[in-house]
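Summary of the model geometry
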Amino acid sequence: MNQIDIQIDPKSLEKGSKDAGILESVAACRATSAELISEQRYLDALERTVEALREMKEFTDYDNVEFRTLLMALIFDLSEIHFALKDYKQSEKELSTLFKLLEQLMKTDPERFGKYHILAMELSTRILRSRRKTLDLL
């Protein structure tokens, strides 16, 4: 399980603003979550990811592309974590949300977000395949 690498463009936000601080804090939460995932501490990683989502509620402009990019990365992480925890139904729900968000982002910058769309499609095939295997096992 790997986190996707995202590139946040800090030029779109004023340096030192509250929104810039939120994005930095959320990026730090993702880094901590990545460490926890590498240690296979998925519940702790889930808590850090949820904490990052709570911090993002304080952001002032939900239409900001960098906000949506970071949100996309967090939803991707959530889907991966739930997949690792074998909560396939929740992972599938998050995958659906991820595709809705990616659809909007692809309209703004297809070159930048095309690779994330491909990664989401790879994740969907893995999740759906695992769910099928689980049903066959039962």
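Residues numbered from 1 in each chain as written. Predicted model: local features only at pLDDT ≥ 70, side-chain atom pairs only at ≥ 80, totals over all residues. Heavy atoms only, no water.

In this section: the nonpolar core. Ranked by internal contacts, the top residues of the largest apolar core, which has 30 residues, are I4, I6, V26, M72, L98 and Y116. Every element with two or more residues in this core is listed here: α1 (18-38), α2 (42-56), α3 (65-84), α4 (88-108) and α5 (110-137). The greatest single-element share of this core, amounting to eight residues, is contributed by α3. Among residues more than four places away in sequence, those in contact with I6 are R30, T69, L70, M72, A73 and Y116. In terms of nonpolar packing, the next biggest core, distinct from the first, is built from seven residues, L36, I37, L78 and I81 among them. (Core = buried A, V, L, I, M, F, W, Y, C linked by side-chain atoms within 4.5 Å. Buried < 20%, exposed > 50% of the residue type's maximum accessible area, 1.4 Å probe, protein only. Helix = DSSP H or I, 4+ residues; strand = E, 2+ residues; numbered from the N terminus. Contact = heavy atoms within 4.5 Å.)

This brings us to the pattern of salt bridges. Applying the stated criterion across every chain, the model contains six salt bridges. Across the pair R41 and E39 runs a salt bridge, and its minimum N-O distance is 3.1 Å. The class of E39 is partly exposed, set by a relative accessible area of 47%. Put simply, R126 and E80 hold a salt bridge, and the shortest N to O gap is 3.0 Å. Placement of R126 in helix α5 and of E80 in helix α3 is noted, with a sequence separation of 46 residues between them. (Salt bridge = Lys/Arg side-chain N within 4 Å of Asp/Glu carboxyl O.)

The next point concerns the packing of α1 against α2. Contact geometry of α1 with α2 gives a least axis separation of 8 Å together with a crossing angle of 170°. The angle between α1 and α2 falls in the class roughly antiparallel. Contact with α1, carried on its side by I22, S25, V26, C29, T32, S33, L36 and I37, involves Y42, D44, A45, R48, T49, A52, E55 and M56 of α2 and no other residues of that element. Each residue belonging to the contact of α1 with α2 can be placed in one class, and the counts come to nine nonpolar, four polar and three charged. (Axes fitted to C-alpha atoms, helices over the stretch in contact; angles between N-to-C directions. Parallel < 35°, antiparallel > 145°, perpendicular 65-115°, else oblique. Nonpolar A, V, L, I, M, F, W, Y, C, P; charged D, E, K, R; others polar.)

To continue, consider α1. Residues three or four positions apart in an α-helix share a direction because the helix packs 3.6 residues into each turn. Taking 1.5 Å of rise per residue, the 21 residues of α1 would be expected to cover 30 Å, and the 30 Å separating its terminal C-alpha atoms lies within 8% of that figure. Along α1, the residues classified as buried are D19, A20, I22, L23, V26, C29, R30, S33, L36 and I37. Tucked inside the fold, the buried residues of α1 contact α2 and α3. (Expected span 1.5 Å × (residues − 1).)

A full pass over the atoms with the stated rule returns four aromatic pairs. Ring geometry for Y62 and F67: centres 5.2 Å apart, planes at 20°, overall stacked. For the ring pair F113 and Y116, a centre distance of 6.2 Å and an interplane angle of 45° mean the geometry is tilted. Of this pair, F113 and Y116 both sit in helix α5, three residues apart, roughly one helical turn. Judged by its relative accessible area of 0%, F113 is buried. A relative accessible area of 4% places Y116 in the buried class. One aromatic cluster in this structure is built from F59, Y62 and F67. (Phe/Tyr/Trp six-rings, centres within 6.5 Å; stacked < 30°, edge-to-face > 60°.)

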